Amino acid sequence: MNQPFTSPFVYAACQHGAEKILKELLCEPLGPYRLAYSQKGFVTFKSNLATPPWSRSLPDHPLIRSRGHVLERLEGELAEPMIETILQKVGELDWEHLHIWQRDIAQPGWHGFEPGRSALASFLVEKFNAALDKRGDSRRASSDHIASADTKILEVCLDEPNRWWLAAKPVQTTEDGWAGGVYAPPIPDGMISRAYLKLAEAIRWSEMPIKPGDRVVEIGSSPGGACQLLLDLGAKVTGVDPADMDERIANHPSFTHWRSRSLQVKRKEFAPFKYLICDANVAPNYTLDTIEAIVTYPTSRIEGLILTIKLSDWEHAKLIPDHLERVHSWGYSRVDARQLAHNRREYCLAALK
Ligand SMILES: C[S@@+](CC[C@H](N)C(=O)[O-])C[C@H]1O[C@@H](n2cnc3c(N)ncnc32)[C@H](O)[C@@H]1O
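Quantities reported herein were computed from a predicted structural model and do not represent experimental measurements. (Residues numbered from 1 in each chain as written. Predicted model: local features only at pLDDT ≥ 70, side-chain atom pairs only at ≥ 80, totals over all residues. Heavy atoms only, no water.)

1. A closer look at the packing of aromatic side chains
Stage number 1. Applying the stated criterion across every chain yields a total of twelve aromatic pairs.
Stage number 2. Each ring, one from Tyr11 and one from Phe42, has its centre 5.4 Å from the other, and the planes form 10°; the classification is stacked. Residue Tyr11 is located in strand 1 (residues 7-13), and its partner Phe42 is located in strand 3 (residues 42-51); the two are separated by 31 residues in the primary sequence.
Stage number 3. Judged by its relative accessible area of 0%, Tyr11 falls in the buried class.
Stage number 4. Ring centres of Phe42 and Trp165 lie 5.6 Å apart, and the angle between their planes is 40°; this geometry places the pair in the tilted category. Taken together, the residues span a long stretch of sequence, with Phe42 in strand 3 and Trp165 in strand 8 (residues 163-170) at a distance of 123 residues. Across this residue pair, the class does not change: Phe42 and Trp165 are buried.
Stage number 5. Three or more aromatic residues link up through ring pairs in this structure, and these residues are Tyr11, Tyr37, Phe42, Trp101 and Trp165.
Stage number 6. Above the ring of Trp95, the side-chain terminus of Arg139 is found at 4.0 Å from the ring centroid. (Phe/Tyr/Trp six-rings, centres within 6.5 Å; stacked < 30°, edge-to-face > 60°. Helix = DSSP H or I, 4+ residues; strand = E, 2+ residues; numbered from the N terminus. Buried < 20%, exposed > 50% of the residue type's maximum accessible area, 1.4 Å probe, protein only. Lys NZ or Arg CZ within 6 Å of the ring centre and 35° of its normal.)

Take a look at the structure:
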């Protein structure tokens, strides 16, 4: 039935700056993809096979935030006629939910910019829902809906206000279910640092089962956004950092500050912890050496890791498979990597026993 919707084009959305290395990694000489279009944070590829919209064959890489099958590129000055064109085109397609999201306008954290919070997308969600209502169609558009596994998602990716890409995908992973691949948790009043958002996204993506009362240690904890989230979750938190903690964290009854560098803490001191978070601004090998020394010590009982690994050079993304293999060799069975929407020039490595 879906013959008219087959397309050889796919898109990959990513952080500004990641396009070049993504193109290099996906467009291998004998691989299936050729570059078709490139903007900061949004790249399309032509593959050697036209596939239907719910095909599970889509590019996969830790730097890809969102991916899908491109059905059409639309340009126009007015939203309503573009919306009509889209709804007419997909009239016969069995989509279940419509995600509308905007390509990043900057690097995460740049002058307060955070991915996934777009006034333009919210405005168009209302317009799409009004148009769907008019047609008596009960399916919904949204920019913050979380879709469950196997949902058939139609997407409108706002490349520019007057250039949109219509795409489609089945939800195969947790992050496929997030509009534009962004998990945007509510920003609490008095958020201490962006690390709050970064860790909220990391926990959600990795499904790290941190529960109230669990003992968690964070290396590189100052000023304390990540600890704020962990304390909100009811964990008992220890922060290791030579720098000062925000006083709201320092004075919290479930928080302990070890004011030192990680290497100055004796490895046996880490014995009580169930989870380890590391967000120190040091080179990848320094992070991995430090964590290896802790988790391979005989008294360690650390079940889960969430590590921020710096990418001072995008070329270092080529080392991600080596990093995953190294962490796997420490006895962690579920090891995965993703450049989170709230990561800057870094990626998140999560591991669970
Ligand atoms: C990006 S900031 C961490 C932000 C923090 N996670 C938060 O939630 O606000 C990096 C921190 O790593 C700390 N750091 C760097 N090297 C370290 C080491 N070897 N041991 C512990 N902390 C370290 C720095 O002092 C700095 O406070």
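2. Considering the packing of helix 7 (residues 284-295) against helix 8 (residues 320-328)
Packed helices, taken two at a time, are described by the angle their axes make and the gap between the axes.
Stage number 1. It is at 11 Å that the axes of helix 7 and helix 8 come closest, and there the two elements cross at 10°. Of the possible angle classes, the one that applies to helix 7 and helix 8 is roughly parallel. Across from Pro284, Asn285, Leu288, Asp289 and Glu292 in helix 7, the residues of helix 8 making contact are His323, Arg326 and Val327.
Stage number 2. Residue composition of the contact of helix 7 with helix 8, grouped by class: three nonpolar, two polar and three charged. (Axes fitted to C-alpha atoms, helices over the stretch in contact; angles between N-to-C directions. Parallel < 35°, antiparallel > 145°, perpendicular 65-115°, else oblique. Contact = heavy atoms within 4.5 Å. Nonpolar A, V, L, I, M, F, W, Y, C, P; charged D, E, K, R; others polar.)

3. Considering the domain arrangement of the chain
Stage number 1. Per the domain assignment, the segments of the chain are domain 1 (3-181) and domain 2 (195-352).
Stage number 2. Taking only C-alpha atoms, the centre of domain 1 and the centre of domain 2 are 32 Å apart.
Stage number 3. Between domain 1 and domain 2, the contact holds 22 residues from the first and 19 residues from the second.
Stage number 4. Note on domain 1 versus domain 2: buried area summed over both sides is about 1800 Å², and carbon and sulfur give 54% of it.
Stage number 5. At the junction of domain 1 and domain 2, the tally comes to one salt bridge.
Stage number 6. In this structure, Lys318 and Glu24 form a salt bridge, with 2.7 Å as the shortest nitrogen-oxygen distance. (Domains from an automatic or database assignment. Buried area = accessible area lost by both parts, 1.4 Å probe. Salt bridge = Lys/Arg side-chain N within 4 Å of Asp/Glu carboxyl O.)

4. Section: the pattern of salt bridges
Once the charged atoms of two side chains with opposite charge are near each other, the side chains can pair.
Stage number 1. With the rule as written, the count across this model stands at 27 salt bridges.
Stage number 2. A salt bridge links Asp159 to Arg163; the nearest nitrogen and oxygen atoms lie 3.3 Å apart.
Stage number 3. On the basis of relative accessible area, Asp159 is assigned to the buried category, the value being 4%.
Stage number 4. Lys198 is the partner of Glu346 in a salt bridge, and the nearest nitrogen-oxygen pair spans 3.0 Å. You can see Glu346 sitting in strand 15 (residues 346-352) and its partner Lys198 sitting in helix 4 (residues 195-206), a full 148 residues away along the chain. Comparing Glu346 with Lys198, the two get one shared label, buried.
Stage number 5. When salt bridges that share partners are traced, they join Arg73, Glu75, Arg103, Asp159, Glu160 and Arg163 into one network.

5. With respect to the pairing of strand 9 (residues 215-219)
Stage number 1. Taking burial as the measure, the five residues of strand 9 include four buried ones, the bulk of the element.
Stage number 2. One ladder, built from five bridges, connects strand 9 with strand 10 (residues 236-240); its direction is parallel. By the bridge assignment for strand 10, Val217 is matched with Thr238.
Stage number 3. Crossover connection from strand 9 via helix 5 (residues 225-232) to parallel strand 10: handedness right-handed.
Stage number 4. One ladder, built from four bridges, connects strand 9 with strand 12 (residues 275-278); its direction is parallel. When the bridges of strand 12 are listed, Val216 appears paired with Tyr275. (Pairing = 2+ DSSP bridges. Right-handed = clockwise from strand over helix to strand, strands pointing away.)

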